[in-house]
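Listed below, chain by chain, are the residues.
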Amino acid sequence: MARIIAGVTSSHVPAIGAAIDNHQTEEPYWKRVFSGFERSKEWMRQAKPDVVILIYNDHASAFSVEMVPTFALGCAAEFPPADEGWGPRPVPVVKGHPELAAHIAQSVILDEFDLTVVNKMEVDHGLTVPLNLLFGSPKEWPCPVIPLAVNVVLYPPPTGHRCFMLGRAIRKAVQSYPEDLRVVVFGTGGMSHQISGPRAGLINSKFDKAFLDNLSKNPQKLARMPHLEYMREAGAEGIEMVMWLVMRGALDDKVDEVYRFYTVPASNTAVGHIILEPHRGKKAAGKGKKPAGKLKRAAARAKAEVRRSK
Ligand SMILES: [Fe+2]
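We now turn to the structure provided with this report. (Residues numbered from 1 in each chain as written. Predicted model: local features only at pLDDT ≥ 70, side-chain atom pairs only at ≥ 80, totals over all residues. Heavy atoms only, no water.)

A short note on the pattern of salt bridges
Step number 1: Under the defined criterion, the tally for this structure stands at eleven salt bridges.
Step number 2: Between Glu38 and Lys41 there is a salt bridge, with its nearest N and O atoms 3.3 Å apart. You can see Glu38 and its partner Lys41 sitting in helix H3 (residues 38-47), three residues apart, about one turn around the helix.
Step number 3: Arg39 serves as the salt-bridge partner of Glu42, at 3.1 Å between the closest nitrogen and oxygen. Taken together, the positions of Glu42 and Arg39, both in helix H3 and three residues apart, correspond to about one turn of that helix. (Salt bridge = Lys/Arg side-chain N within 4 Å of Asp/Glu carboxyl O. Helix = DSSP H or I, 4+ residues; strand = E, 2+ residues; numbered from the N terminus.)

Remarks on the packing of H3 against helix H5 (residues 125-135)
Step number 1: The geometry of H3 relative to H5 is characterised by a closest axis approach of 7 Å and an angle of 85 degrees between their N-to-C directions. With respect to their mutual orientation, H3 and H5 come out roughly perpendicular. Side by side, H3 and H5 meet where Ser40, Lys41 and Met44 of the first sit next to Asn132, Leu133, Leu134 and Phe135 of the second.
Step number 2: For the contact of H3 with H5, the per-class residue count stands at four nonpolar, two polar and one charged. (Axes fitted to C-alpha atoms, helices over the stretch in contact; angles between N-to-C directions. Parallel < 35°, antiparallel > 145°, perpendicular 65-115°, else oblique. Contact = heavy atoms within 4.5 Å. Nonpolar A, V, L, I, M, F, W, Y, C, P; charged D, E, K, R; others polar.)

Points about the sheet that holds strand S3 (residues 71-74)
Strand-to-strand pairing in sheets goes through backbone hydrogen bonds, with the strands running parallel or antiparallel.
Step number 1: Taken in spatial order, the eight strands of this open sheet run S6-S3-S7-S2-S8-S1-S10-S9, and their pairing is mixed. In this open sheet, the two strands that pair with only one neighbour each are strand S6 (116-118) and strand S9 (255-266). Going across the sheet, the axis of each strand differs from the next one's by a mean of 20 degrees, ignoring polarity.
Step number 2: The pairing of S3 with strand S7 (residues 145-150) spans three bridges and is antiparallel. Within the sheet, the bridge partner assigned to Ala72 lies in S7 and is Ala149.
Step number 3: Where helix H4 (residues 98-110) meets the sheet, its contacts fall on strand S2 (51-56), S3, S6, S7 and strand S8 (182-188), and the angle it forms with S3 comes to roughly 150 degrees. (Pairing = 2+ DSSP bridges.)

Some thoughts on helix H9 (residues 227-234)
Step number 1: The set of residues buried in H9 consists of His227, Tyr230 and Ala234. Buried positions in H9, seen along its axis, are confined to an arc of 75 degrees and lie on one side of it.
Step number 2: Here the buried face of H9 lies against helix H7 (205-217), helix H8 (219-223) and helix H10 (242-249).
Step number 3: Directly after H9, the chain includes Gly235, whose backbone phi takes a positive value near 90 degrees. (Buried < 20%, exposed > 50% of the residue type's maximum accessible area, 1.4 Å probe, protein only. Arc of directions from axis to C-beta.)

What to know about the environment of Leu73
Step number 1: Within the secondary structure, Leu73 sits in strand S3.
Step number 2: Its relative accessible area of 2% is what places Leu73 among the buried residues.
Step number 3: Distance in space between the C-alpha atoms of Leu73 and Thr116 is 6.1 Å, their sequence separation being 43 residues.
Step number 4: The contact partners of Leu73, leaving out residues within four places of it in the chain, are Ala101, Ile104, Ala105, Leu115, Thr116, Val117, Val118, Ile146, Pro147 and Leu148.

Here we look at the pairing of S7
Step number 1: Within S7, six of the six residues are buried, which leaves the element mostly enclosed by the surrounding structure.
Step number 2: Both faces of S7 are covered, namely the face carrying Val145, Pro147 and Ala149 and the face carrying Ile146, Leu148 and Val150.

Some details on the coordination of the iron ion
Step number 1: Around the iron ion, the donor atoms from the protein are His12 (NE2), His59 (NE2) and Glu240 (OE), and they sit 2.0 to 2.2 Å away.
Step number 2: For the iron ion, all donor residues lie on one chain, and their spacing in sequence is H-x46-H-x180-E. With His12 in the loop between strand S1 (3-10) and helix H1 (14-21) and His59 in the loop between S2 and S3, the pair connects residues that are 47 residues apart, well separated along the chain.
Step number 3: Here His12 falls in the buried class, since its relative accessible area comes to 3%.
Step number 4: For His59, a relative accessible area of 26% corresponds to the partly exposed category. (Donors = N, O, S within 2.8 Å, 3.2 Å for Na, K, Ca; no water.)

As for the layout of surface pockets
Step number 1: Computed from the structure, the largest pocket encloses a volume of approximately 740 Å³.
Step number 2: Around the largest pocket sit 33 residues that line it, and Pro14, His59, Glu84, His125 and Ile195 are the ones nearest its centre.
Step number 3: Contributions of two or more residues to the lining of the largest pocket are made by H1 and H9.
Step number 4: Residue contributions to the lining of the largest pocket peak at four residues, all from H1. (1 Å grid on protein atoms, 1.4 Å probe; cavity = no way out; pocket = protein on both sides within 12 Å on 5 of 7 lines; lining within 4 Å. Points joined across faces, edges and corners; volume = space filled by probe spheres on them.)

Structure, rendered in structure tokens:
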């Protein structure tokens, strides 16, 4: 039976992709960002997921404003990188998992979440940048990826509660898939950012850090947060964080936070990254390896490296 082994959040700003593509990751500005993901890549190598379900938003690459689905599930066998104006990013074609995707579509739609089924789609930085941050830059992505595009670009986006409940339905779908697959769910975008207008460049670290705390321990509180609060506190594009609630809804109520990284700015956004695993319980946590402790120490090392690179 398939199961969700972890949830991850990650920034997806295009400038991070450009820094990778233009070999600027060692420059002090970018090293500060990438160093925070070094241990996450190591965690991912150990986690070895069979499939990733990646929640992101399309930035008018696959869907123009003429047609914007609220939730669109990628059911194709592959998803080529989109040309966003500078040619497609030099990243591998994303291979899908049509069987699991079709199963999710059926289960979730019968659970009354009306997903759009997409059988042909190009994917932009919203999907490929998080893959780079967690998998590096391999010749082929190490596992299939099922894209789930959420509309956060054209009013009205879905509510946080709807996203959270969709995550719940996705979890039920995954758990009823007969093949033994280890699945990691990504929630991408955020954190606080405002791209245009008088508040352009807005960063609200206090709000962001409280959001990360609640994502880990009290996601129901976040699920009740109205759109207006995201926009007032985190800027117009801060609304992207509703997508994280799809990921969180797909996990158990109780989770173990095994790693967290936060830095500002990247381009004009705050970068928030967290890895959540199903709660192991005190007894289980006392046995065998202790990834949480290891990764907490890794977080401290990443912080020290950030301080040195300033
Ligand atoms: Fe975005």
